[in-house]
Amino acid sequence: MTTTIHPLLVELLTEELPPKALNRLGQAFAEGVRANLERQGLLAEDCQSTAYATPRRLAVRLSAVRAQAPDQPFTEKLMPAKIGLTENGQATPALLKKLAAKGLEHLDPATLERESDGKQDYLIARGTATGAQLAEGLQDALEKAIDGLPIPKVMRYQLADGQTSVKFVRPAHRLVALFGADIVPVSALGLSAGRNTLGHRFMSEGELVIPQADAYEAILAESGHVIASFEARRAEIERQLQAEANRLSATLGDDPEVTALLDEVTALVEHPTVYVGQFEETFLQVPQECLILTMRLNQKYFPLFDPATGKLTHRFLIVSNMHTGNPANIIEGNQRVVRPRLADAQFFFETDRKVPLAARVEQLGSIVYHNKLGTQLERVERVRAIARGVAEALGANVSSCDRAALLAKADLGSNMVGEFPELQGIMGAYYAAGDGEPADVVEALRSQYRNRCDRPVQPETLTAAVLFLAERAETLLGIWAIGLAPTGERDPFGLRRAALGVISAFEQLAAGGWLKISADGPLSLDGLLQLAEASFPAGKVPTDTRAEVRAFIYERYRNQLIVEHDRHAVDAVIALAPPLHQVAERVRAVTAFGQLPEAESLAAANKRIGNLLKKAEGDIGDIDAALLAEPAEQALAAAIDALRPQAEACLAAGDFAGNLRTLAQARSAVDAFFADVMVMADDARVRANRLALLSQLHGLMNQVADISRLAQ
């Protein structure tokens, strides 16, 4: 069957959509329509889809859509024959009802086939189903696409008839559905499809008539002053921003907030034009983070920076939804709006500076951290205790670490953090520096809210690393202790993030030389969690909490490592729960070992040994050399004695790869042992001696990892 193929356009014109969800809504709408039409066989093989999303519209264009889907053969398993047919072979009411429900009432029951499932015969209907018509298929696809949108918050509104109400993300006002040049008679949200839409709210004149699906994007751009594609609009904004920044010999900065803001302003405008604004240079005496935050967060401006110093300048870029030959009023209006906000920031900063940061610590006693864990001041005292213990273990300046922990949350009572909670820690660092606090304390306050430690710990950042660890250990133990461990996707207190932070700190302490790869200490994860547990009142932390948090951290490490490393190698290392700062190096060593020709055989043997040892009765004693009668067991005992000193020396030096290479030399002896020796001998003494031999081999093989996890 041949059918007409044309492009298809569907557009929903709405009131202003939520900007942070716009791109996701646009992609979901387009994909929902496409997927449902494809499921019905209405898309041609070479059909391409294009998503459109502006503040006031969601749309999709499909390049090759069929007017009718091809006929499709079908097979329907109906019901057991003994239920569907009488003894005389006539259809029962149950069968007739089933056929009607399936839309197969036209079939003669006598034409139904029978198939056995091995227990009974079933009635089977076979035939050819007429392909879906586009109008019906699009109606279904449109409804399903709308129902499946990831709407952040649904609103209910009343239609023009004054009686009917519908639910959608924002009120919808028009629906366009064009198959080539023809309107497809579908409806949604109380709207009937047509070919008329609206362009830019201010720059477009009246309705826009879309003559055919392929003309949509061009007509919106030329007559409606709307760039319909989210990606094209974003690219145009970025081009204009870069051009203006280059013209002013400035940069937009390279932090992630620039990208996030670019996405957001793309969702706020339909016809972007970038203008340059400025403010008085006296405001630059305020910490630049305050000015940057208020411009980006409240005004959606792009601050400009000096490329040589990275410092904020007094100019910013405005992404306007209006293009005009004389933008003076737009620029002046935006400058007039931003000045009071910058003045507020200046006032807050100057007012906060009148009170020393240390004097604000007492206020934390009136700020509740959690009703089951007390105030922020009580929490500060716990973090201080942990920080002192960590500092002593690492040889850090205990006084500085204690001071950093004391001041860490003091800025929560400041005016600036009250207005901009995102500046916690950053403002504390500015106030501490102004009060003459030591540089390492200032750095600790500034970096305490980072998600992870991302560079080797140096002497000047050791205090920061101590505070970082202490704060996260307190959070993990405390929140877990009151029964708020993460469940599924819910993790309101960020315990997964805290665990990854702890892992990163141990990694970077090792990279900086504070933790030796060849040693368990001086600080271990168990030691850190013990310090955290001891900081709480006796009985506050349930007995099993520390073990659960420890397992949680190792599990987070496992999930992080399997992204880049072989899962079996990661599992082999994590199974031993080695010192946290050694895990990554051990994984690399096990991965390399897994490539050796000896690895597969030794891993299988190790697994077999483990199973044998689990079945052993009583304690496994020492090896009695006099009972080693078989040449193969004598050779294995000799191999163990010869390899143990070298393997243990490698382990002591942190040479995990060397330890495993040494182990690989035992392959021939191990293979020969299992080929020639009966471990579970009838003689109990011989059996026990052979198990003792295997126990020693097992211990030698699993010093770096449980290599049985490598057995496929």
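Please read all numbers here as calculations on a predicted model, not as lab measurements. (Residues numbered from 1 in each chain as written. Predicted model: local features only at pLDDT ≥ 70, side-chain atom pairs only at ≥ 80, totals over all residues. Heavy atoms only, no water.)

1. Topic: the overall build of the protein chain
Scanning the protein chain from terminus to terminus reveals 25 helices and 19 strands. At 35 Å, the protein chain has a C-alpha radius of gyration far larger than the 27 Å of a compact globule built from 712 residues. Buried positions account for 49% of the 712 residues belonging to the protein chain. Of the contacts made within the protein chain by residues no fewer than 6 positions apart, 69% connect residues no fewer than 24 positions apart. Per element, the accessible surface of the protein chain, about 33,400 Å² overall, is 49% carbon and sulfur. (Helix = DSSP H or I, 4+ residues; strand = E, 2+ residues; numbered from the N terminus. Rg over C-alpha atoms; globule rule 2.2 N^0.38 Å. Buried < 20%, exposed > 50% of the residue type's maximum accessible area, 1.4 Å probe, protein only. Contact = heavy atoms within 4.5 Å. Areas by Shrake-Rupley, 256 points an atom, 1.4 Å probe, with all protein chains shown as cover.)

2. Looking at the side chain of Gln335
Following the sequence through the fold, Gln335 ends up in helix H9 (residues 328–352). Looking at Gln335, its side chain comes within polar contact range of the main-chain nitrogen of Gln278, at 2.9 Å. Leaving out residues up to four positions away in the same chain, Gln335 has contacts with Gly277, Gln278 and Phe316. (Polar contact = N/O pair within 3.5 Å; in protein donor to acceptor, adjacent residues only side chain to side chain.)

3. Looking at the pairing of strand S3 (residues 57–66)
Counted residue by residue, S3 has eight buried out of 10 residues, so it is predominantly covered. Of the strand pairs in this sheet, strand S1 (residues 5–14) and S3 are connected by eight bridges, and their pairing is antiparallel. Residue pairing in the sheet places Glu11 in a bridge with Ala59 of S3. With six bridges joining them, strand S2 (residues 49–54) and S3 adopt antiparallel strand pairing. By the bridge assignment, Thr54 is partnered in S3 with Arg57. (Pairing = 2+ DSSP bridges.)

4. As for the sheet that holds strand S10 (residues 182–183)
In a beta sheet, neighbouring strands are held together by backbone hydrogen bonds and run either parallel or antiparallel to one another. Taken together, the five strands give an open sheet; going across it, the order is S2-S3-S1-S9-S10, and neighbouring strands pair in antiparallel fashion. Two strands bound the open sheet, and with one partner strand each, they are S2 and S10. Packing of helix H1 (residues 22–39) onto the sheet brings it into contact with S1, S2 and S3, and relative to S3 it is tilted by some 25 degrees. (Axes fitted to C-alpha atoms, helices over the stretch in contact; angles between N-to-C directions.)

5. Observations concerning the UniProt feature "domain: DALR anticodon binding" (unreviewed entry) in the protein chain
In this structure's numbering, the residues bearing the UniProt feature "domain: DALR anticodon binding" (unreviewed entry) are residues 608–710. What you have in residues 608–710 is 65% helix and 0% strand, and the ends, taken at the C-alpha atoms, are 12 Å apart. (UniProt positions renumbered as here; feature names shortened; annotations may be inferred.)

6. Topic: the domain arrangement of the protein chain
When the domains of the protein chain are assigned, the result is domain 1 (5–69 + 134–223), domain 2 (72–129), domain 3 (230–353), domain 4 (357–563) and domain 5 (584–710). Computed from C-alpha coordinates alone, the two centres of domain 1 and domain 4 are separated by 50 Å. (Domains from an automatic or database assignment.)

7. With respect to the sheet that holds strand S15 (residues 273–278)
Pairing is antiparallel across the open sheet formed by three strands, whose spatial order is S15-S17-S16. One side of each edge strand has no neighbouring strand; the edge strands of this open sheet are S15 and strand S16 (302–305). Taken pair by pair, the neighbouring strands of this sheet meet at an average axis angle of 35 degrees, ignoring direction. Note: S16 against strand S17 (residues 312–320), three bridges, orientation antiparallel. Among the inter-strand pairings, Phe302 is bridged to a residue of S17, identified as Leu317.

8. What about the pattern of salt bridges?
A full pass over the atoms with the stated rule returns 43 salt bridges. Put simply, Glu113 and Arg126 hold a salt bridge, and the shortest N to O gap is 2.4 Å. Here the residue Glu113 occupies a position in strand S5 (residues 113–116), and Arg126 occupies one in strand S6 (residues 121–129), the gap between them amounting to 13 residues. Residue Glu437 pairs with Arg403 through a salt bridge whose shortest N-O separation is 2.7 Å. On the criterion of sequence distance, the pair formed by Glu437 in the loop between helix H13 (426–434) and helix H14 (439–447) and Arg403 in helix H11 (residues 398–407) is long-range, its members being 34 residues apart. What makes Glu437 buried here is its relative accessible area of 16%. In this structure, a network of salt bridges that share partners links the residues Arg379, Arg382, Glu471, Arg472 and Glu474. (Salt bridge = Lys/Arg side-chain N within 4 Å of Asp/Glu carboxyl O.)

9. Here's the deal with the environment of Asp254
Examined against the element boundaries, Asp254 turns out to sit in the loop between helix H6 (230–247) and helix H7 (256–266). Given a relative accessible area of 79%, Asp254 falls into the exposed group. On a C-alpha basis, the gap between Asp254 and Phe74 in space is 57 Å, while along the polypeptide they are 180 residues apart.

10. As for helix H21 (residues 599–615)
Taking 1.5 Å of rise per residue, the 17 residues of H21 would be expected to cover 24 Å, and the 25 Å separating its terminal C-alpha atoms lies within 8% of that figure. Burial in H21 covers these residues: Ala599, Leu602, Ala603, Ala605, Asn606, Ile609, Gly610, Leu612 and Leu613. Of the surrounding elements, those touching the buried residues of H21 are helix H20 (583–594), helix H23 (656–664), helix H24 (667–676) and helix H25 (684–701). (Expected span 1.5 Å × (residues − 1).)

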